[in-house]
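Chain residues, written in single-letter form:
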2 protein chains.
Amino acid sequence: MNDEFAGDSSQWAFGTGFEDPLAGVDTTVPPGVDAAELAARCLMLGDDALIMSQRLAEWCSRAPDLEEDIALANMALDLLGQARLLLSRAAAADPGVVPALPEGSPVPAEDALAYFRDAEQFRNVRLAEVENGDFAHVVVRLLLFSVARLALLERLRTSRDQVLAAVAAKGVKEITYHRDWAGRWFLTLAQGTEESRRRLVAALDALWPYQAELTGFDVELRDEVDAVLDQVFAVSGVERPERAPLPGTGRDGAHTDALGPLLAEMQVVARAHPSGRW
Amino acid sequence: MNDEFAGDSSQWAFGTGFEDPLAGVDTTVPPGVDAAELAARCLMLGDDALIMSQRLAEWCSRAPDLEEDIALANMALDLLGQARLLLSRAAAADPGVVPALPEGSPVPAEDALAYFRDAEQFRNVRLAEVENGDFAHVVVRLLLFSVARLALLERLRTSRDQVLAAVAAKGVKEITYHRDWAGRWFLTLAQGTEESRRRLVAALDALWPYQAELTGFDVELRDEVDAVLDQVFAVSGVERPERAPLPGTGRDGAHTDALGPLLAEMQVVARAHPSGRW
């Protein structure tokens, strides 16, 4: 056992060097790729994953049964892993996005991004941050989120940046499962009891104003996402909601009131020890 | 996509038949194995995993960095998976352990065990249930828990019950990682700063009275566990605590005050819909 216990890092938490998420990977930005744009894109996708992961994790231990508890925990973990890689990539591509910490701080860049930014510096869509509701709410949120994220990641598999391409390829496998899980439950709730259908429709109605933000002004992406959602709605016999998109976007740092408390909870331990030491 | 959406279960949560944890497995209790004893053992190990999983999951999103957040979530998920299999095995071996639900209820047996028992019916050790403390606390708790669980599961790999033997074999791989993670952090905190060492020793001191319960009256098991812990203490330069074991045992349903609130949180959704329907 002694071998495993090698090393004598004096940090209790940060910088223990157990594992660099991009260890051994060449993180040089390839010629012709705009480093700032690459970092901005990784930050958006990373923040989406990080914040959504927190909301799914809140469901852990509150799911209606063990099977779904495990499924939700698994999906939260997939997203947390994606977040870590994407935030690392953002920081390596453009160190300017990383918040300044006291000199000599051993906090890795991806942790600085996760734990030392304030709400207005986060670039996630608001769909990921709004408060949890009932089980129908988590199903609808995950469906809308996953359908759009899957379409995005499928494109990014051919990114000229090899790091992002690799992260996207891994993500496609994970998010396909998330979308299928959410789609299966969407259908189950739609075809279940009168009450389950009522709750599903209510959740869809409540979350729909946040949907347009997922595809932004990318018309091609929007059409692709719309086609998938329309298929799910058709199979389930649910009407596409007509509510208008909410103005503004989390991509610019304009968030709902729900993000602050989520971050406070997530960041409290790391911020209590900004030097990463006790 | 339509194929994936087949089926029209009218349950919104329970009994959707997505997956039976022991599907395709022969759950007949082999000749010579006492079914009630087998069920009791699976219940203890399953409850340990379930309750410990909840406490680890509470750490998700509060860990000091993304790497440990992911590690803790992974370990919580491993234990949740073990809990599900062990509770299923307990119920199949001796249906008498499953709480009675209204006739025709579609709640699977392992969910009935997780969500419809009260505190005094749980058989987990109290080490798993006590409230979370700081990061040193989760490290010490996981070290004590994993060293004992690993020794137990290693033995059960040769159980005459093939189902339990298979669950134990899978568990050994998972818990080996948990023990190594906790051991590595134990050493890191012990050799870190004065403050990290002080917190580690305080956590060890606080949790030590719960340690003896993990091995019960099994002297051979106790010796094995002691030897591993003594090695960790020696490498880390930490004294074995001298505090006496707490009287009573969670194995008899005598729990601390911490279990009730944990169960309330975990069971609220399932109990709000005991028929598994909206």
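As named in an unreviewed UniProt entry, chain A is Ring-1,2-phenylacetyl-CoA epoxidase subunit PaaC, taken from Nonomuraea jabiensis.

Below, the discussion takes up the confidence of the model for chain A. Residue and element names in this part refer to chain A. Of the residues in chain A, 92% reach a pLDDT of 70 or more, and the chain-wide mean stands at 90. Looking at the elements of chain A, mean pLDDT is at its lowest for helix α9 (residues 259-272), recorded as 90, and at its highest for helix α4 (residues 126-129), recorded as 98. Scored by ipTM, the complex comes to 0.81, with pTM at 0.87.

This part takes up the packing of aromatic side chains. Geometrically, a pair of aromatic rings is defined through the distance of the ring centres and the angle of the planes. Applying the stated criterion across every chain, the model contains 12 aromatic pairs over all chains. Ring geometry for B:F135 versus B:W185: centroids 5.0 Å apart, planes at 90 degrees, classification edge-to-face. Separated by 50 residues along the polypeptide, B:F135 in helix α5 (residues 135-156) and B:W185 in helix α6 (residues 162-190) bring together distant segments of the chain. The exposure class assigned to B:F135 is buried, which follows from its relative accessible area of 1%. Three or more aromatic residues link up through ring pairs in this structure, and these residues are A:W59, A:F135, A:W181 and A:W185. The ring of A:F122 carries A:R117 above its face, with NZ or CZ at 4.1 Å from the centroid.

Before going further, it helps to spend a moment on the packing of α5(B) against helix α8 (residues 219-236) of chain B. Residues and elements named next belong to chain B. Relative to each other, α5 and α8 sit at 135 degrees, their axes nearing to 10 Å. One element, α5, and the other, α8, form an angle in the oblique class. The way α5 lies across α8 gives a crossing that is right-handed. Residues L143, L144, V147, A148, A151, L152, E154 and R155 of α5 pack against E220, L221, E224, V225, V228, L229 and V232 of α8. Looking at the contact of α5 with α8 residue by residue, the class counts come to 11 nonpolar, no polar and 4 charged.

The rules behind these values
Residues numbered from 1 in each chain as written. Chains lettered and ligands numbered in written order. Predicted model: local features only at pLDDT ≥ 70, side-chain atom pairs only at ≥ 80, totals over all residues. Heavy atoms only, no water. pLDDT = per-residue confidence, 0-100. Helix = DSSP H or I, 4+ residues; strand = E, 2+ residues; numbered from the N terminus. Phe/Tyr/Trp six-rings, centres within 6.5 Å; stacked < 30°, edge-to-face > 60°. Buried < 20%, exposed > 50% of the residue type's maximum accessible area, 1.4 Å probe, protein only. Lys NZ or Arg CZ within 6 Å of the ring centre and 35° of its normal. Axes fitted to C-alpha atoms, helices over the stretch in contact; angles between N-to-C directions. Parallel < 35°, antiparallel > 145°, perpendicular 65-115°, else oblique. Left-handed = near helix turned anticlockwise from the far one by under 90°. Contact = heavy atoms within 4.5 Å. Nonpolar A, V, L, I, M, F, W, Y, C, P; charged D, E, K, R; others polar.

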